[in-house]
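Chain residues, written in single-letter form:
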Amino acid sequence: MQQPKKIAVIGSGFGGLSAAIRLAAKGHEVIIFEKHDKPGGRAYQYEINGFKFDGGPTVITAPHQYDELFELAGKKREDYMTLVPLDPFYRIFDGKGDHFDYWRSQEHTEAEIKKYSPNDIAGYRKFIKGVTDIFHWFHPFTEKSFPTLWSFLRIFPHVIKTGTWRSMYAFAAHFIKHDFIRKVASFHPLLVGGNPFDTPSIYGLIIQFEKQWGIHYCMGGTGAIVKALCRLFEDCGGTIQLNSEVQQIIIHNKQAKGVQLKDGSVYEADEVVCNGDVAFAYKNYIPNTLLPKQMNFWLSNLQYSNSLVVIYFGTKKKYTNSKLSHHNLILGNKYNKLMRDIFQRKILPRELGLYLHMPSKTDATIAPEGCDCFYVLSLVPNLDGKINWNELMDEYVDKVLGFLEENYLPELRSNIVAKHAVTPLHFQNNLNSYKGAAFSIKPSMMQSGYFRPQVKSKWFDNLYFVGAGVHPGAGVPAVMASGKIAAAAIEQ
Ligand SMILES: Cc1cc2nc3c(=O)[nH]c(=O)nc-3n(C[C@H](O)[C@H](O)[C@H](O)COP(=O)(O)OP(=O)(O)OC[C@H]3O[C@@H](n4cnc5c(N)ncnc54)[C@H](O)[C@@H]3O)c2cc1C
């Protein structure tokens, strides 16, 4: 091992924790500064009236990524947290009251396709072969950085060979005829802030990623994973300082030298790892005069992901006989228009596009006895949309809950005993995300790989970024991978 270094990590999202644990396990002196009173970032867990609401990520994949962290520290994952597999992965409602269960096994999923369109089974098999090839060629690049344009251009023969210049939806449509099955096969970009109609199908690797390692739930919620990782970090000798917002990254001679907190205190460090949103960080934590001239222009002209309204609610009764599963997607009838309104026109759509999480289906500890725990996430434009959320929030929340009451959860509003809601303003003001984007920089061909901000800052030495805005992108597995890339770069 090299000489232990002093390392400051800004933020305790999954990306920050992944980098911090790896570095602390190697014997470095690592301190995390977190703005909030609890760690986790988008995975912050709200506790209200005995309910535990996971703030963000709920679809947990790739347990081996966690195992790797525990093994580095000489520990066992099972001693810190309990993951259970979920199947079906998703229940997808078609807007006409019917649903499609999306399973890990090909055979079970084909049985669902048969209900809608028996003639599409052969095409679906070809589609799955296609995404398996995409996964094979491109997954290895999610754990490496692209330091040069050449290193990125080298993957282009594979792009041509696998047909991944097509959008995710077009890729599915190439093999599948039935419109709803096309949507079922191509929704995955939504999980990382992309529009299935224009996100390149290279992101189809997520489909195979889920099949390869399964979808899991952590007993106690995703918040229990955050707790486990924080405990592991502290067991490795790391320190987490909560309620500590970093105001500035200290730069001397183009080198990061530490951080200054909002209360004025300074922490000197050999390396700085920023888990705060990369665009927000460059614009706010480093004096403008030190940034290259083109930087502001570049950051302002990138495209940013959509945002979300998320409503967390607990009910005093159990919806035992509802048609809901643990993970539910409600795509609606005017899906194409919905996507256009959110991603291109940036207006508030009339139609709703929802993900409904019901963890109390799996975990009795997440809600008081006799109660159910939910969150519903509604896709909305980012703050480029100029929607006045302060004015609209109550009306919008009522619209979403009213829709659920009418179609899925009878008498919902009179049974709610715990509730909290966030709008795009939360992502901007509380999570310090540029334009209130829920998934940072949008995934597109020209904003992926080499063209996405890299983990190692191109402009400042000893400064690294981890999290959704840098390569390989948004989503828990990707930000965990960015933490791995950062730790390896620092170790080098
Ligand atoms: C509602 C929702 C649902 C999602 N569902 C899933 C899912 O099911 N599966 C999945 O894989 N992904 C999901 N995602 C995406 C995933 O949650 C994110 O991509 C990922 O968690 C982001 O992690 P991150 O490392 O970028 O850090 P973040 O979670 O963004 O955390 C950054 C941290 O930095 C802190 N911070 C920022 N600035 C400062 C500062 N100046 N000083 C101190 N601290 C600071 C913040 O407070 C925050 O704690 C979801 C996202 C959302 C919003």
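A.B. asks: I would appreciate a short explanation of the sheet that holds strand β8 (residues 99–102) in the present structure.
C.D. replies: Hydrogen bonds between backbone atoms are what pair the strands of a sheet, whose relative direction is either parallel or antiparallel. One open sheet accounts for seven strands, arranged β8-β7-β16-β17-β18-β15-β19; its pairing is mixed. Sheet topology places β8 and β19 (416–422) at the edges, where each strand pairs with a single neighbour. Here the strands of the sheet are splayed against their neighbours by 20° on average, with no regard to which way each runs. As paired strands, strand β16 (residues 327–330) and strand β17 (residues 354–357) are joined by four bridges and run antiparallel to one another. Residue pairing across strands places N328 opposite L356, the latter belonging to β17. Helix α8 (residues 179–186) rests against β7 (90–93) and β8 of the sheet, and its axis sits at about 35° to β8.

A.B. asks: Quick question: what am I supposed to make of the nonpolar core here?
C.D. replies: The tendency in soluble globular proteins is for nonpolar side chains to be buried as a group. By size, the foremost hydrophobic cluster in this structure holds 74 residues, and its most contacted members are F14, Y66 and I249. Among the elements that line this core, the one with the most residues is helix α10 (residues 222–235), at eight residues. In contact with F14, other than residues within four places in its own chain, are A43, P57, Y66, T222, I225, V226, L229, V476, V479 and M480. Of all hydrophobic cores here, the second largest spans 69 residues; its members include V59, Y90, I92 and Y203.

A.B. asks: Even after reading the chapter, I still don't get the domain arrangement of the protein, so can you show me in this structure?
C.D. replies: How big an interface is tends to be stated in terms of the accessible area lost upon association of its parts. Looking at the assigned domains, one finds that the protein contains domain 1 (6–85 + 218–302 + 445–491), domain 2 (106–214) and domain 3 (303–429). Carbon and sulfur atoms make up 59% of the area that domain 1 and domain 3 hide from each other, which totals about 1900 Å². Contact with domain 3 buries surface across domain 1, with Y46, F51 and F53 losing the most and accounting together for 30% of the total. Taken together, the connections running from domain 1 to domain 3 amount to nine residue pairs in polar contact (both at pLDDT 80 or more). Only β3 (45–48), β4 (51–54), α11 (278–284) and α12 (293–301) provide two or more residues apiece to the side of domain 1 that touches domain 3.

A.B. asks: In this structure, what is going on with the environment of C274? I would like to understand it.
C.D. replies: With respect to the helices and strands, C274 occurs in strand β14 (residues 271–274). Once the C-alpha coordinates of C274 and G16 are considered, the two residues, 258 residues apart in sequence, prove to be 7.4 Å apart. Setting aside anything within four residues of it in sequence, one finds C274 in contact with I10, I249, A281, Y285, Y464, F465 and V466.

A.B. asks: How should the pattern of salt bridges be read in this particular structure?
C.D. replies: Two side chains of opposite charge can pair, provided their charged atoms sit close to one another. Overall, the coordinates contain 19 salt bridges when judged by the stated rule. Connected through salt bridges with shared partners, the residues R22, E68, E143 and K484 form a single ionic network.

A.B. asks: How do you make sense of the site of the ligand when you look at a structure like this?
C.D. replies: Near the ligand there are 39 residues, and of these G15, E34, R42, V59 and V476 occur at the shortest range. The contact in question runs from an oxygen atom of the ligand to an N or O atom on the side chain of H36, over 3.0 Å. In this structure, V476 approaches the ligand through a main-chain N or O atom, which is 2.8 Å from an oxygen atom. Protein coverage of the free-state accessible area of the ligand, which is 1000 Å², stands at 96%. Sorting the residues of the shell around the ligand by element identifies α1 (14–25), β15 (307–315), β18 (372–380) and α17 (476–491) as the ones contributing at least two each.

A.B. asks: Help me understand the sheet that holds strand β11 (residues 246–252) in this model?
C.D. replies: Reading across from one edge, β11-β12-β13 is the order of the three strands in this open sheet, with antiparallel pairing throughout. Looking along the sheet, the strands with just one partner apiece sit at the ends: β11 and β13 (266–268). When strand polarity is set aside, the average angle formed by the axes of neighbouring strands in this sheet is 30°.

A.B. asks: Would you take a moment to explain the pairing of β14 for this structure?
C.D. replies: Looking down a regular strand, the side chains alternate between one sheet face and the other. Along β14, one buried face is formed by E271 and V273 and the opposite face, lined by V272 and C274, is buried too. Of the strand pairs in this sheet, strand β1 (residues 6–10) and β14 are connected by four bridges, and their pairing is parallel. For I10, the partnering residue across the bridge sits in β14 and is C274. Across three bridges, the pairing between β14 and strand β20 (residues 463–465) is parallel. Note on β20: the bridge partner recorded for C274 is F465.

About the cut-offs
Residues numbered from 1 in each chain as written. Predicted model: local features only at pLDDT ≥ 70, side-chain atom pairs only at ≥ 80, totals over all residues. Heavy atoms only, no water. Pairing = 2+ DSSP bridges. Helix = DSSP H or I, 4+ residues; strand = E, 2+ residues; numbered from the N terminus. Axes fitted to C-alpha atoms, helices over the stretch in contact; angles between N-to-C directions. Contact = heavy atoms within 4.5 Å. Core = buried A, V, L, I, M, F, W, Y, C linked by side-chain atoms within 4.5 Å. Buried < 20%, exposed > 50% of the residue type's maximum accessible area, 1.4 Å probe, protein only. Domains from an automatic or database assignment. Buried area = accessible area lost by both parts, 1.4 Å probe. Polar contact = N/O pair within 3.5 Å; in protein donor to acceptor, adjacent residues only side chain to side chain. Salt bridge = Lys/Arg side-chain N within 4 Å of Asp/Glu carboxyl O. Near = heavy atom within 4 Å. Areas by Shrake-Rupley, 256 points an atom, 1.4 Å probe, with all protein chains shown as cover.

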